[in-house]
Amino acid sequence: MYGNDHSSDAPLNAAEAGGVDEAMAHVDRRDSVDSGDEQERFDALLAADQRIEPRDWMPDDYRKTLVRQIAQHAHSEIIGMQPEGNWITRAPSLRRKAILMAKSQDEAGHGLYLYSAAETLGTSRGEMLDLLHAGKQKYSSIFNYPTLTWADVGAIGWLVDGAAIMNQVPLCRCSYGPYARAMIRVCKEESFHQRQGFEILWNLARGTDAQREMAQDAANRWWWPSLMMFGPPDTGEAAQGTHTELSMAWGIKRFSNDDLRQKFVDMTVPQAQKLGLDLPDDDLAWDDERGHWNFGEIDWDEFWQVVKGDGPCNAQRLEHRRTAHSEGAWVREAANAYAAKQSQRAESAA
C-alpha cells in the first residue's frame, strides 16, 4: 500500500536510522533500583534510565508537563488529518486515494494511542478535547497552513512527517513508560508516511514542467514551517527557563529543539538534492569545520503569530474540529450505550 519507487541505501528518516530499534531493546531493570522515599526512588529510576510507570509516585510538575506535551501531541495527530484529508476526494488515482485514506486512519489511531497514554496520568480524553476546543491546549502550528495543490500532500509527507519523526524517535526512550511505548508504534507507521510523501515528489519532479513547478512550489512553502516545528531556540542563552530545561532533566526529552532541527536539516538537504528540488534558503551551505549544513535565520515572528492563533488556517482548523466533535456526539452516545448493555449482560451471566 505504501509502495515507493525510489530506492536508496541511506535512511530516509530518523525512524530508519536505528533509534526505534534501540528503544525496543530497552531492558526493564526497575526491580534492581533501590527503594528510598518517593522522591529518591523517582530520581533513582531516572538515573538508571528506567521508565516511570502510572502507579509510581511522580512530582506534580512532571505529571503536568507530560499531560501538556502528550495532549498537544495527540491533538496534533487529530488536527493533522485535516490538511491532507482535504485531498482524499481529489487524489489523482485510486492508488493515491487508498494510500491517503490509510494514512489518515493511521493518524487517527496515533491520536488514540496518545490520548490513552495521557489518561494514565489522571486526565480524561473528554477534558483534553474540551480544552482543545476552548483554545486552552495547543496543537502543532504546522497544521495551520493550507494545502493548495496535490504536491502539498507530498511535501507534508516528506518534510512535515520527516520533521515529526526526528522529534518523535527520541520520545521512544522517554522516561514515562506509556508515552515511550506508544511512540514506538507511531514512529514505525510515520516512517511509511514520510516515504509516500517523498515518492509523490519524486514522481512530480520527474513529470511535466507544470508538475515540477508544483513540486518546487510546495517545497518552497513548507520548508520554513517544517523547521519551525521543532520549536523556538532552546540552547545557549535561550535555554534558561524553557520547557526543554526541565523536560531534559526528567528524561522526557533527549535532545534540544536546536539539535533536532540541525539533525533534520542535515538529513533532508541531500534528499532535496536527490529529488532535484531547491530549498528556499540562500544561506544553505555545507560547513566542513562543523560537519553540518548551515541554514538561514528562521522567521520567529511568523512562528509566534501562528502559535497565538493568527495563522492562515487556525480558525478554520479549530472550527472544523469543534463541528466534527459535535456531529459525532451520537456515535459516542451509541458506543457508550452498547458498552453498558454488554456489561449488564456479562454481569447477568456471571
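Before reading on, note that the structure itself is shown above.
The model shown is predicted, which means the values in this text are computed figures rather than measured ones.

The rules we used
Within any chain, residue numbers begin from 1 and follow the written order of that chain's sequence. Where local features are concerned, this predicted model is filtered to residues with pLDDT of at least 70; where side-chain atom pairs are given and counted, the filter is 80 or more; whole-chain, interface and lining totals use all residues. Based on all heavy atoms of the structure, the side-chain values leave hydrogens and waters out of the count. Elements are defined by DSSP. Helices are runs of H or I of four residues or more, strands are runs of E of two residues or more, and each kind is numbered from the N terminus. The globule rule used here is 2.2 Å times the number of residues to the 0.38 power, and the radius of gyration it is set against is calculated over C-alpha atoms. The rule is simple: take the accessible area with a 1.4 Å probe, protein chains only, and divide by the maximum for that residue type; under 20% is buried, over 50% is exposed, in between is partly exposed. When checking whether two residues touch, look at their non-hydrogen atoms; a contact exists if any pair is within 4.5 Å. Here the open area of atoms and residues is found with the Shrake-Rupley method and a 1.4 Å probe, where only the protein chains shown may cover a residue. Comment: axis = line fitted to C-alpha atoms, over the contacting stretch for helices; angle = value between 0 and 180 degrees taken between N-to-C directions. For classification, angles of less than 35 degrees are called roughly parallel, those exceeding 145 degrees roughly antiparallel, those between 65 and 115 degrees roughly perpendicular, and all remaining angles oblique. Here a crossing is called left-handed whenever its near helix is offset anticlockwise from the far helix by less than a right angle, and right-handed whenever the offset is clockwise. Under the scheme applied here, ten amino acids are nonpolar (Ala, Val, Leu, Ile, Met, Phe, Trp, Tyr, Cys and Pro), four are charged (Asp, Glu, Lys and Arg), and all others, including Gly, are polar. Detection works on a 1 Å grid of protein atoms alone, calling trapped sets that fit a 1.4 Å probe cavities and calling open sets with protein on both sides within 12 Å along at least five of seven lines pockets, with lining residues defined by an atom within 4 Å of a point. Grid points are joined across faces, edges and corners, and a volume is the space filled by probe spheres set on the points. Directions are taken from the helix axis to each C-beta atom, and the arc is the one they span.

> Provide a residue-level description of the overall build of the chain, including the pertinent values.
Each helix and strand counted, the chain has 14 helices and two strands in total. Computed over C-alpha atoms, the radius of gyration of the chain comes to 21 Å, within 12% of the 20 Å expected from 2.2 N^0.38 for 350 residues, which places it in the range of a compact globule. Counting only C-alpha atoms, the chain reaches 65 × 55 × 40 Å along its principal axes. Counting every position in the chain, which comprises 350 residues, the buried fraction comes to 51%. The contacts in the chain between residues at least 6 apart in sequence include a share of 77% that link residues at least 24 apart. Accessible surface, the chain: about 17200 Å² in total, of which carbon and sulfur atoms supply 51%.

> How would you explain the packing of helix α6 (residues 125–133) against helix α13 (residues 314–327) if you had to name every residue and give the values?
Following both chains from N to C, one finds α6 and α13 inclined at 140°, their axes separated by 10 Å at the closest point. Relative to α13, the element α6 lies oblique. Every pair of crossing elements has a handedness; the one defined by α6 and α13 is left-handed. Judged by residue contacts, L129, L132 and H133 of α6 engage L318, R321, R322 and H325 from α13. Of the residues in the contact of α6 with α13, the class split is three nonpolar, two polar and two charged.

> Just give me the short version of the layout of surface pockets, but keep the residues and values in it.
Volume-wise, the second largest pocket comes out at about 440 Å³. Lining the second largest pocket are 13 residues, with I78, M81, R321, A324 and H325 positioned closest to its centre. Listing elements by their share of the lining of the second largest pocket, those giving two or more residues are α4 (81–85), α5 (94–119), α6 and α13. At four residues, the largest contribution of residues to the lining of the second largest pocket is made by α13. Partitioning the lining of the second largest pocket into residue classes produces seven nonpolar, three polar and three charged.

> Describe α6, with residues and values.
M128, L129, L132 and H133 are the residues of α6 that are buried. Taken down its axis, α6 places every buried residue within 130° of arc, on the same side. Those residues of α6 that are buried are in contact with α3 (60–79), α5 and α13. Directly beyond the C-terminal end of α6, a positive phi value near 75° is found at G135.

> Kindly report on unusual backbone geometry, identifying the contributing residues and their values.
One non-glycine residue, D49, adopts positive backbone phi at about 60°. Within the secondary structure, D49 is located in the loop between α2 (38–47) and α3. Accessibility expressed as a relative area gives 30% for D49, which makes it partly exposed.

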